[in-house]
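Residue-level listing of the chains:
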Amino acid sequence: QVQLVESGGGLVQAGGSLRLSCVGSGRTFSSYGMGWFRQAPGKEREFVAAIRWSGGSTNYADSVKGRFTISRDNAKNTVFLQMNSLKPEDTAVYYCAATATRAYYSGYYYYTRNYDYWGQGTQVTVSS
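Parameters at a glance
Residues numbered from 1 in each chain as written. Predicted model: local features only at pLDDT ≥ 70, side-chain atom pairs only at ≥ 80, totals over all residues. Heavy atoms only, no water. Core = buried A, V, L, I, M, F, W, Y, C linked by side-chain atoms within 4.5 Å. Buried < 20%, exposed > 50% of the residue type's maximum accessible area, 1.4 Å probe, protein only. Helix = DSSP H or I, 4+ residues; strand = E, 2+ residues; numbered from the N terminus. Phe/Tyr/Trp six-rings, centres within 6.5 Å; stacked < 30°, edge-to-face > 60°. Lys NZ or Arg CZ within 6 Å of the ring centre and 35° of its normal. Pairing = 2+ DSSP bridges. Axes fitted to C-alpha atoms, helices over the stretch in contact; angles between N-to-C directions. Disulfide = S-S within 2.5 Å.

Visitor: Which residues make up the nonpolar core, and what values go with them?
Guide: Within the largest apolar cluster, 39 residues are counted, with the highest numbers of intra-cluster contacts made by Met34, Trp36, Leu81, Met83 and Tyr94. Of all elements in the fold, only strand E3 (18–24), strand E4 (33–39), strand E5 (46–51), strand E7 (68–73), strand E8 (78–83), strand E9 (92–99) and strand E11 (122–127) reach the threshold of two or more residues within this core.

As structure tokens, this is what we get:
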């Protein structure tokens, strides 16, 4: 069982930056692949970024590539999402998620159904 708690959301102007954190419980955090997803009002939850259990490989949605960076610190059971050059369309509730499956196919990490645990979410609002 893994419990995930996100933090770092808030209100920021367009062009600004935020860093989200997700702290996981348990001694096996380093064995989980981690993902960030987001959900805007009236829309489905969508993939943002993912990082393998080792931290050696990452994937990004096209909409955030070059602006967002996912990283992890397994010693602190934490995964981060650095968000730069924020746009109003980035406004959403951001969720972190953990998967116990060590998938090598990058597409595996794009789908919500492949994740075993979810945090409660943190609101990010970008004003124009």
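What follows picks up the thread again.
Visitor: Which residues make up the packing of aromatic side chains, and what values do they have?
Guide: Summed over the entire model, instances satisfying the criterion amount to eight aromatic pairs. Considering the side-chain rings of phenylalanine 37 and tyrosine 115, the 5.1 Å spacing of their centres and the 85° angle between planes classify their relative orientation as edge-to-face. With a gap of 78 residues between them, phenylalanine 37 in strand E4 and tyrosine 115 in the loop between E9 and strand E10 (117–118) connect regions that are remote in the sequence. Tyrosine 115 shares its class with phenylalanine 37; the two are buried. Geometrically, the ring pair formed by tryptophan 53 and tyrosine 104 is edge-to-face, given 5.5 Å between the ring centres and 90° between the ring planes. Taken together, the positions of tryptophan 53 in the loop between E5 and strand E6 (58–60) and tyrosine 104 in the loop between E9 and E10 put the pair 51 residues apart, joining distant regions of the chain. Judged by relative accessible area, tyrosine 104 falls into the exposed class, the value being 70%. Members of the aromatic cluster, connected to one another through ring pairs, are Phe37, Phe47, Tyr110, Tyr115 and Trp118. One residue, arginine 45, lies across the ring of tyrosine 95, its end atom 3.7 Å from the ring centre. One cation-aromatic arrangement involves arginine 45 over tryptophan 118; the distance from NZ or CZ to the ring centre is 4.9 Å.

Visitor: How would you explain the sheet that holds E8 if you had to name every residue and give the values?
Guide: The four strands are arranged E1-E3-E8-E7 in an open sheet whose pairing can be described as antiparallel. Across the chains shown, the open sheet's two edge strands, defined by having one partner strand only, are strand E1 (4–7) and E7. If you compare each strand with its neighbour and ignore which way they point, the axes differ by 15° on average. In terms of strand pairing, E3 meets E8 through six bridges, oriented antiparallel. In the strand pairing of E8, serine 21 is matched with phenylalanine 80.

Visitor: Describe the state of the cysteines, with residues and values.
Guide: Evaluated as defined, the whole model comprises one disulfide. Disulfide pairing is shown between cysteine 22 and cysteine 96; the S-S distance is 1.9 Å. Between cysteine 22 and cysteine 96 the disulfide shows an S-S torsion of about 45°. By sign, it is right-handed. One end of the pair, cysteine 22, is in strand E3; the other, cysteine 96, is in strand E9, with 74 residues separating them in the sequence. Taken as a pair, cysteine 22 and cysteine 96 share a single burial class, namely buried.

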